[in-house]
Amino acid sequence: MSTPVPILNDEEQEHPVPSVWRSKLRDIAEALKDGNFNLLGLADVDQLDDTTAAGIVQNINDYGCTLTSLPDASWETSVCQWQLEYWEVLVDLFTVEEGCSDLVLHVHVFERVGGFDFKVHFVYVP
């Protein structure tokens, strides 16, 4: 069993995505893969408005590949960094055609009493 990746409040550099967030980030990627672009019904995840959801759809369509489930390999390159009020997280997305793609899932993670809230900003090629 691998060593858990801790949550670090380090605004100076990026770190691996903490283990405790990975399941929720996988759920978000899975929802996007399945066409749930508004992220409806995901606990602790802010729903996206129609404009943002449409932008994500457009970016994925423009990219020209089909999203697939996140494998463990995604955590080898995905990163997060503390931003004083939240963590900025960039998750490398995978596609059927390429495996690891240039698309990233950009999320802000906010700490709250008893857990974390996830706010998806966009999916894009940085």
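Look up a bit, the structure's there.
Thresholds applied
Residues numbered from 1 in each chain as written. Predicted model: local features only at pLDDT ≥ 70, side-chain atom pairs only at ≥ 80, totals over all residues. Heavy atoms only, no water. Helix = DSSP H or I, 4+ residues; strand = E, 2+ residues; numbered from the N terminus. Rg over C-alpha atoms; globule rule 2.2 N^0.38 Å. Buried < 20%, exposed > 50% of the residue type's maximum accessible area, 1.4 Å probe, protein only. Contact = heavy atoms within 4.5 Å. Areas by Shrake-Rupley, 256 points an atom, 1.4 Å probe, with all protein chains shown as cover. Lys, Arg positive; Asp, Glu negative; His and termini not counted. Charge placed at Lys NZ, Arg CZ, Asp CG, Glu CD. Pairing = 2+ DSSP bridges. Axes fitted to C-alpha atoms, helices over the stretch in contact; angles between N-to-C directions. Core = buried A, V, L, I, M, F, W, Y, C linked by side-chain atoms within 4.5 Å.

Novice: Kindly report on the overall build of the chain, identifying the contributing residues and their values.
Specialist: Within the chain one finds 2 helices and 5 strands. When the helices and strands of the chain are placed in sequence order, the string is β-α-α-β-β-β-β. At 14 Å, the chain has a C-alpha radius of gyration in line with the 14 Å of a compact globule built from 126 residues. Once the C-alpha set of the chain is aligned to its principal axes, its extents read approximately 35 × 30 × 25 Å. Here the chain, with 126 residues, has 40% of them falling under the buried criterion. Long-range pairs, those at least 24 residues apart, make up 48% of the contacts in the chain with a sequence separation of at least 6. As displayed, the chain offers around 6800 Å² of accessible surface, 49% of which is attributable to carbon and sulfur atoms. In the chain, the 6 positive side-chain charges and the 22 negative ones have mean positions that sit 8 Å from each other.

Novice: Would you mind going over the environment of Leu-93 in detail, with residue names and values included?
Specialist: Mapped onto the fold, Leu-93 is located in strand β3 (residues 87-95). Residue classification places Leu-93 among the buried residues on the basis of a relative accessible area of 3%. In sequence terms Leu-93 and Ser-69 are 24 residues apart; their C-alpha atoms lie 8.3 Å from each other. When residues no more than four places from it in sequence are discounted, the contact partners of Leu-93 are Ala-29, Leu-67, Leu-70, Gly-99, Cys-100, Ser-101, Leu-103, Val-104, Leu-105 and Val-123.

Novice: Let's hear about the sheet that holds strand β5 (residues 115-124): which residues, and what values?
Specialist: Spatially, β1-β2-β3-β4-β5 is the arrangement adopted by the 5 strands of the open sheet, whose pairing is antiparallel. Every interior strand has two partners, whereas the edge strands, β1 (15-16) and β5, have only one. Pairing geometry for strand β2 (residues 79-82) and β3, over 4 bridges, is antiparallel. Residue pairing in the sheet places Trp-82 in a bridge with Trp-87 of β3. Running over the sheet, helix α1 (residues 19-33) touches β1, β2, β3, β4 (99-112) and β5 and is turned about 40 degrees from β5. Lying on the sheet, helix α2 (residues 50-63) is in contact with β3, β4 and β5; it crosses β5 at an angle near 50 degrees.

Novice: How would you sum up the nonpolar core? Please name residues and give values.
Specialist: Ranked by size, the top nonpolar core spans 33 residues in total, and within it Trp-21, Leu-25, Ile-28 and Val-89 carry the most contacts. Those elements that provide at least two residues to this core are α1, α2, β2, β3, β4 and β5. A total of 6 residues in this core trace back to one element, the largest contributor, which is α1. Sequence-distant contacts of Ile-28, defined by excluding residues within four places in its chain, comprise Leu-39, Leu-42, Val-45, Leu-105, Phe-118 and Val-120.

Novice: An account of unusual backbone geometry is requested, with residue identities and associated values reported.
Specialist: Only a minority of non-glycine residues have a phi that is not negative, and only a minority of peptide bonds are not trans. At Leu-39, a residue that is not glycine, the phi angle is positive and equals roughly 60 degrees. Note on placement: Leu-39 falls in the loop between α1 and α2. Here Leu-84, not a glycine, exhibits a phi torsion of approximately 75 degrees, which is positive. Topologically, Leu-84 is positioned in the loop between β2 and β3.

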